[in-house]
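One-letter residues, chain by chain:
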Amino acid sequence: MIDRPMDADRSLQSYTAARLTRDAEFWLRRQGLPYFVAPRARRTLLVARTGPFFTVLLALDAARWVLRSVDVTVDGSPGAVVGLAALAVTALFALVVVPIGLIALSPAAISAVPRRMTVVSATLLGAYLVVDPLLQHAAGQTYRLEALLAAAFAALASLLATGLGVGAVALWAIRVAGRQLRALREVSGRVLPLLMLVVGLALLAPGLWQVTSTLTPLRLAAVIVLFGVLGQWFIAPVIQSEAAAIAEQNTGSGSPALSRGERANLTIVLVLAQSFQVAIFSALVAVILVVFGELALTPAVIAAWSGGRTQPVQLFGLTLPVDTALVKTSVFLSCFASLNFVVNIRSNAAYKSAFYDPLFDDARIALNVRSAYRTATAAARRPDKRS
């Protein structure tokens, strides 16, 4: 015969363990650590969790349709300029801000109302599969079967990427990028002043302009990639060794050892977080150099230093009041500045404690949550033999 009070108590304990398990899975995914979640749980709510991908695909389709269908001509009058600016802001809000906002809010919504989010994501998937034909018809084009096949392939790829954890890492990357932007003040105060003395003077070297002004966009991109690889060469060993030490310490405290997938997941998010710091710092240096160049260098000086290779920057069909040679030189110097930044935070103890240690503290918290998650999962699965 079953003891009712004890049965109710065991049911409450089972419910509590299940709730803790779901909360831990939600938290670990938000930290970009989907491989810390049990394999069977990675496939749950797959359609709902793929909703952000479908939102991005719809936004890309809409953006392609706008760029293909809208032809804007500006006659230079103030009203036309204001109208163009309003159109650009509206398009940016509808095609970029809204999707990113929905992506950022989707994890909390999935945790709160998982069934409704499954319906919403399935609706988005259906809309994506038919949006191409509708937009093509609106543009007066003939619908082709290839478009439907491409949409179906993109949808299947999105589901597969979500199942593999790419979606969780991507959402985490968006949030981390936002946090790193808020940390720019600390970055600027610690590293930027002395470094700007060097790169600021380098911007005034005519010989450098003769090199950078001849760079094609492809060659400049290759330079950026080269410095990115060099930066990773400095970052990865520190991250890997520290992550291994943290994982070993956590295992020694009684937690199960990390699997190969979990180790790779932890290393990837730490490297990405550090890479965001470097990328944002590099972008900040480039912007400062462009502003400084615009204020200090006249068009005649830029033309003389660049060998007459001057033209305004063209971006999405818009002409910006910035010279291409100045932008190339600023980006080129920002690559050197970013490498210097990486070396400093690796070798300087003060910089290392400011930029590396917070990442490692987050890793320790994640491993503690993983230990509690494993305990809660075991409690939820453990059969109760008392009667």
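Just so you know, these numbers come straight off a predicted model, no measurement behind them. (Residues numbered from 1 in each chain as written. Predicted model: local features only at pLDDT ≥ 70, side-chain atom pairs only at ≥ 80, totals over all residues. Heavy atoms only, no water.)

Okay, the overall build of the chain next. Looking only at helices and strands, the chain features 16 helices and two strands. Buried positions account for 36% of the 387 residues belonging to the chain. Of the roughly 21,800 Å² of accessible surface on the chain, a fraction of 68% belongs to carbon and sulfur atoms. (Helix = DSSP H or I, 4+ residues; strand = E, 2+ residues; numbered from the N terminus. Buried < 20%, exposed > 50% of the residue type's maximum accessible area, 1.4 Å probe, protein only. Areas by Shrake-Rupley, 256 points an atom, 1.4 Å probe, with all protein chains shown as cover.)

To continue, consider the packing of helix α9 (residues 192-202) against helix α12 (residues 260-296). Following both chains from N to C, one finds α9 and α12 inclined at 50°, their axes separated by 11 Å at the closest point. By the angle between their directions, the pair α9 and α12 is classed as oblique. The interaxial crossing formed by α9 with α12 has right-handed handedness. The segment α9 lies against α12, with L192, L195, M196, V199 and G200 engaging F281, L284, V285, I288, L289 and F292. Here the contact of α9 with α12 is composed, by residue class, of ten nonpolar, one polar and no charged. (Axes fitted to C-alpha atoms, helices over the stretch in contact; angles between N-to-C directions. Parallel < 35°, antiparallel > 145°, perpendicular 65-115°, else oblique. Left-handed = near helix turned anticlockwise from the far one by under 90°. Contact = heavy atoms within 4.5 Å. Nonpolar A, V, L, I, M, F, W, Y, C, P; charged D, E, K, R; others polar.)

Once that is clear, we can look at helix α14 (residues 324-347). Taking 1.5 Å per residue, 24 residues should reach 34 Å; α14 reaches 35 Å between its end C-alpha atoms and fits that length. The buried fraction of α14 amounts to 17 of the 24 residues, a majority that puts the element mostly inside the structure. The opening residue of α14 is D323, an N-cap whose side-chain oxygen sits 2.8 Å from the backbone nitrogen of A325. (Expected span 1.5 Å × (residues − 1). Polar contact = N/O pair within 3.5 Å; in protein donor to acceptor, adjacent residues only side chain to side chain.)

Topologically, K352 is positioned in helix α15 (residues 349-355). Residue classification places K352 among the partly exposed residues on the basis of a relative accessible area of 32%. Along the chain, K352 and V342 lie ten residues apart, while their C-alpha atoms are 9.8 Å from each other. If we skip the residues at most four places from it in the chain, K352 touches I345, R346 and D357.

On to the pattern of salt bridges, then. Tallied over the entire structure, the rule returns four salt bridges. Taking the shortest distance from any N to any O, the salt bridge between E262 and R370 comes out at 3.1 Å. Taken together, the residues E262 in helix α12 and R370 in helix α16 (residues 357-381) connect sequence positions 108 residues apart. Classification of E262 as buried rests on a relative accessible area of 2%. Between E262 and R374 there is a salt bridge; the shortest N-O distance is 3.0 Å. Of this pair, E262 sits in helix α12 while R374 sits in helix α16, and the two are 112 residues apart along the sequence. Taken together, the shared-partner salt bridges connect E242, D361 and R364 into one network. (Salt bridge = Lys/Arg side-chain N within 4 Å of Asp/Glu carboxyl O.)

Our next topic: the packing of aromatic side chains. As enumerated under the stated definition, the model contains five aromatic pairs in all. Measuring from ring centre to ring centre gives 4.4 Å for F281 and F341, while their planes differ by 20°; the resulting arrangement is stacked. One end of the pair, F281, is in helix α12; the other, F341, is in helix α14, with 60 residues separating them in the sequence. Of the two residues, F281 and F341, both sit in the buried class. Three or more aromatic residues joined by ring pairs form one cluster here, namely F227, F332 and F336. In this structure, R370 is placed above the aromatic ring of F36, and the distance from its NZ or CZ to the ring centre is 6.0 Å. (Phe/Tyr/Trp six-rings, centres within 6.5 Å; stacked < 30°, edge-to-face > 60°. Lys NZ or Arg CZ within 6 Å of the ring centre and 35° of its normal.)

Let us now look at the environment of L45. For L45, the location among the structural elements is in the loop between α1 (4-30) and α2 (46-49). Exposure remark for L45: the relative accessible area of 36% places this residue in the partly exposed category. Each C-alpha atom, one on L45 and one on I110, is 8.4 Å from the other, the two residues being 65 residues apart in sequence. Non-local contacts of L45, meaning those with residues more than four positions away in its chain, are made with I110, P114 and T118.

With that settled, the discussion passes to the nonpolar core. Ranked by internal contacts, the top residues of the largest apolar core, which has 64 residues, are W209, L266, L270, F281 and V285. When neighbours within four sequence positions are excluded, W209 is seen to be in contact with L203, L297, I302, W305, S306, A325, L326 and T329. With eight residues, the next largest nonpolar core counts L57, L58, A154 and A155 among its residues. (Core = buried A, V, L, I, M, F, W, Y, C linked by side-chain atoms within 4.5 Å.)

With that out of the way, let us pick up the packing of α9 against α14. In the contact formed by α9 and α14, the axes pass within 10 Å of each other and the chain directions differ by 155°. When the axes of α9 and α14 are compared, the pair comes out roughly antiparallel. You can see that α9 and α14 cross each other, and the crossing is right-handed. Touching L195, V199 and A202 of α9 are L333, A337 and N340, all from α14. Classifying every residue of the contact of α9 with α14 by side-chain character gives five nonpolar, one polar and no charged.

This part is about the confidence of the model for the chain. On average, residues of the chain score 77 in pLDDT, and 74% of them reach the 70 mark or higher. Confidence drops under pLDDT 50 across residues 1-6; counting only partners more than four residues distant or on other chains, this segment forms five contacts. (pLDDT = per-residue confidence, 0-100.)

Before going further, it helps to spend a moment on the side chain of Q274. With respect to the secondary-structure elements, Q274 resides in helix α12. Not counting chain neighbours up to four residues away, the residues in contact with Q274 comprise I235, I345, F355, Y356 and L359.

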